[in-house]
Structures are given as C-alpha cells and as structure tokens.
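Survey of secondary and tertiary structure
This is what each chain is made of:
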Amino acid sequence: MTTQRVLITGAAGMVGTMMRTRMRRDGRVLRLLDLTPPPPAEPGEPVEVITGSVTDAAAMAEACDGVDALIHLGGHSREHTWEDTLKVNIDGTHTALEAARMAGVTRVILASSNHAVGFRTTDEAPLPADSSPRPDTYYGVSKAAMEALGSLYHSRFGMDVIAIRIGSCFDTPLRLGVRGLVTWLSPDDCARLFEACLAAPSPGYRLIWGVSDNTRRTFSLAEAEELGYRSEDNAERFAEEVTAGRPAPDPAELHYVGGGFCTAPLGKHNPV
Ligand SMILES: NC(=O)c1ccc[n+]([C@@H]2O[C@H](COP(=O)([O-])OP(=O)(O)OC[C@H]3O[C@@H](n4cnc5c(N)ncnc54)[C@H](O)[C@@H]3O)[C@@H](O)[C@H]2O)c1
C-alpha cells in the first residue's frame, strides 16, 4: 500500500489537536506543523512533527516535501491588528499555497470561516456556501483573501482547493451560547468533512460550509454534501443545557452570521 502523507498546519491548535486521532488511518502519515511545537509522536503513532511558521517559505517548502495533501489551519483564529493579520493569515496562506504548488501537492484544504461573510444575515438562510464575502473583522477579510488565493491557485495551476467556511468547531457547543446551536461543527463531523475533501475526485475549486446538520443551522450543506460529506451530529441535543439559566440572547447577535465579531473592536485581539 502506498503511504498517503497529509500535512496539517496549525496542528497544535484546537482543531488540529481534535483531528490528530480522528484522522489516523492505515496507510496515512500525518505531518503536523505549528509554531507551538505539537506534542511528539507516541510510540507507533504515524505522525511527523515539525516546528515552524507558515510565513517561512523555506520551512514550508521542507514541510510540503513528499506530501499528498495540505490541510491549512495555521494562523490567527481570532481578531488581531491589521499588520499581524496580513502577515500571518494572508501572507502565510500565500506562502503555504506557493510551497504546496512548488512541491507538487495537488490537494489543499483551507480553513476559512463564517467571519468571511459575518455581515450576511440569517434572513438569507439557507446561506449558499459561495455567497460573496461580507467580512466582519480584519480576520474575516483574511479569510476572504484565503478563499481568493485558493481560487487563484486552482485557476492558474489546476490544484484542487477546497475552502471550508467553518462555523464553530469546538468539542461541544456549550460555551458558545445559543449561536453555537446554529454554527457548531462537531469534531467528528469536522473529521468527516476533511475526509470527504481528501477523497472527492477532482473537485477543482470549491467553497463549502463546515457545520453540523444542526436543527437551527442557517447555512446550506448542499455544497459539502456534493463532495460526499454526511453530518451525523446536531447541536440541538445540547439545547437545554445551553439555554438553562441564561438570559435570552441579544437578537442582533443572532441576526448576523458573525455574531459578536460584528460589534467587537476592529483590529483588537480578544483572546476570549
Ligand atoms: N475552531 C473554530 O471554530 C473555527 C471557526 C472558523 C475558522 N477556523 C479556522 O480554523 C483554523 C484552526 O482553528 P483553531 O480553532 O484550531 O485555532 P487555534 O488558534 O486553536 O489554532 C491555530 C494554530 O495555528 C498556530 N499558528 C499561529 N500562527 C502560526 C504560524 N505563523 N505558523 C504556524 N502555525 C501558526 C497556532 O500556534 C495554533 O496552534 C484557523 O485557521 C481558524 O481561523 C476555526
């Protein structure tokens, strides 16, 4: 059996950590890159660990060597200054795509975000996966740029690039409040989605939503399902726990896709 090697950037982060065991397969090696060193491989774990930055062309060239597919999660996952966002999320995505192209990696999965369309409203439900950008933050702008770069690398170089507008990928939606019942992508569904993106024959460039099949979902899953994704989770099973003892949410927070990001100060990092 030939070995499939999948490079995951940002692998020490929340999503990367949740995928490390879930994406383990016979015949597959996960190559994990992060600025923060991911935990070393357990004995017998088919994992290669690299410490490096997605903004470092030489490190990314080395990381992409011999790789079949790239899952690009690395970067800022919340709002930062414009300068930081530009460097890490936009230049970093360009560096990752360019390294992948030079190494002959033909499949790339990009972690975009609902915040690329944060100022779209839930009145538009079910929101198509390819709705044009309406970013809510510099972070959202960087995700729109990520999608545009992915489209460019497909059109120019024929690479298969799938950008996923992730809703909220957390272990449970409990700390996300009522909005999480709309936006949750369960870790198991996230792994199912990544697997569908890796396996789909010749997808070209695609933009898809990354959410579970939540009862309150306002996003279209048709585009992800076209690639073979089948959600098996629904945040609604947490509804009672999420709402118990909490005041009703501010309707404005639920009106916009981006929730609280739409009113948070622009360019200011908020670690919560
Ligand atoms: N988790 C979610 O709900 C969600 C929603 C929408 C989009 N996303 C996107 O998915 C990706 C992963 O999200 P997450 O929740 O795991 O975020 P996270 O912040 O937990 O992880 C991001 C990782 O990227 C690493 N990183 C930062 N700068 C880097 C650099 N220059 N080079 C290499 N690595 C770097 C960090 O060290 C961190 O481990 C991010 O791109 C995020 O924007 C996540």
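Residues numbered from 1 in each chain as written. Predicted model: local features only at pLDDT ≥ 70, side-chain atom pairs only at ≥ 80, totals over all residues. Heavy atoms only, no water.

This part covers the side chain of His-115. Mapping His-115 onto the fold places it in the loop between strand E5 (107-113) and helix H4 (138-157). Owing to a relative accessible area of 6%, His-115 belongs among the buried residues under this scheme. Setting aside residues no more than four positions away along its own chain, His-115 makes contact with Arg-134, Pro-135, Asp-136, Thr-137, Tyr-139, Gly-140, Arg-179, Gly-258 and Phe-261. (Helix = DSSP H or I, 4+ residues; strand = E, 2+ residues; numbered from the N terminus. Buried < 20%, exposed > 50% of the residue type's maximum accessible area, 1.4 Å probe, protein only. Contact = heavy atoms within 4.5 Å.)

Glancing now at the environment of Pro-39. Assignment of secondary structure puts Pro-39 in the loop between strand E2 (28-34) and strand E3 (47-51). For Pro-39, a relative accessible area of 52% translates into the label exposed. Through-space distance from the C-alpha of Pro-39 to that of Ala-11 is 9.7 Å; in sequence the pair is 28 residues apart.

Moving on to the site of the ligand. Taken together, 27 residues lie around the ligand, and Val-15, Asp-34, Ser-77, Tyr-139 and Cys-169 are the ones closest in. Contact between the ligand and Leu-35: a nitrogen atom at 3.5 Å from a main-chain N or O atom of the residue. Gly-75 is positioned such that a nitrogen or oxygen atom in its backbone is 3.3 Å from an oxygen atom of the ligand. About the coverage of the ligand: the protein hides 87% of its 820 Å² of free accessible area. (Near = heavy atom within 4 Å. Polar contact = N/O pair within 3.5 Å; in protein donor to acceptor, adjacent residues only side chain to side chain. Areas by Shrake-Rupley, 256 points an atom, 1.4 Å probe, with all protein chains shown as cover.)

So, on to the pattern of salt bridges. Where charged atoms from two side chains of opposite charge approach closely, those side chains can pair. A complete count under the given rule lists 17 salt bridges for this structure. Taking the shortest distance from any N to any O, the salt bridge between Glu-48 and Arg-31 comes out at 2.7 Å. Linking Glu-48 in strand E3 with Arg-31 in strand E2, this pair joins segments that are 17 residues apart in sequence. Close ionic contact of Arg-165 with Glu-147 constitutes a salt bridge, the shortest N to O distance being 2.8 Å. In this pair, Arg-165 is assigned in strand E6 (residues 160-166) and Glu-147 in helix H4, connecting sequence segments 18 residues apart. One exposure class covers both Arg-165 and Glu-147, and it is buried. Within this structure, Asp-189, Arg-192, Glu-232, Asp-233 and Arg-237 form a network of salt bridges that share partners. (Salt bridge = Lys/Arg side-chain N within 4 Å of Asp/Glu carboxyl O.)

What follows concerns the packing of helix H2 (residues 57-64) against helix H3 (residues 82-103). Remark: H2 packs on H3, axes separated minimally by 9 Å, with the N-to-C direction vectors making an angle of 45°. With respect to each other, H2 and H3 are oriented oblique. Our pair here, H2 against H3, has a crossing hand that is right-handed. In this structure, H2 contributes Ala-57, Met-60, Ala-61 and Cys-64 to the contact, and H3 contributes Thr-95, Ala-96, Ala-99, Ala-100 and Ala-103. Considered class by class, the residues forming the contact of H2 with H3 number eight nonpolar, one polar and no charged. (Axes fitted to C-alpha atoms, helices over the stretch in contact; angles between N-to-C directions. Parallel < 35°, antiparallel > 145°, perpendicular 65-115°, else oblique. Left-handed = near helix turned anticlockwise from the far one by under 90°. Nonpolar A, V, L, I, M, F, W, Y, C, P; charged D, E, K, R; others polar.)

Let us now look at the pairing of E5. Extensive coverage of E5 is indicated by the burial of seven of its seven residues. Side chains of E5 alternate between two faces, with Arg-107, Ile-109, Ala-111 and Ser-113 and Val-108, Leu-110 and Ser-112 buried alike. This β-α-β element, strand E4 (residues 69-72) to H3 to E5, shows right-handed connectivity. Strand direction decides the pairing type here: E5 and E6, joined by seven bridges, are parallel. Bridging from a neighbouring strand, Ala-111 pairs with Ile-164 of E6. In terms of handedness, the path from E5 via H4 over to E6 forms a crossover that is right-handed. (Right-handed = clockwise from strand over helix to strand, strands pointing away. Pairing = 2+ DSSP bridges.)

If you look at the biggest cluster of nonpolar residues, it comprises 41 residues, and the most contacted ones within it are Ile-164 and Phe-194. Listing elements by their share of this core, those giving two or more residues are strand E1 (4-9), helix H1 (14-22), E2, E4, E5, E6, helix H6 (187-199) and strand E7 (205-210). When residues in this core are grouped by element, the largest group, seven residues, is from H6. With residues near it in sequence (within four places) discarded, Ile-164 still touches Ile-109, Leu-110, Ala-111, Ser-112, Ser-113, Leu-193, Phe-194, Cys-197, Ile-208, Trp-209 and Gly-210. Membership of the second largest hydrophobic core comes to 22 residues, among which are Val-54, Ala-63, Ala-100 and Val-105. (Core = buried A, V, L, I, M, F, W, Y, C linked by side-chain atoms within 4.5 Å.)

In the segment running from Ala-125 into Pro-126, the intervening peptide bond is cis, with an omega of -5°. On the secondary structure map, Pro-126 appears in the loop between E5 and H4. Residue Ser-202 is not a glycine yet carries a positive backbone phi of 40°. With respect to the helices, strands and loops of the structure, Ser-202 is situated in the loop between H6 and E7.

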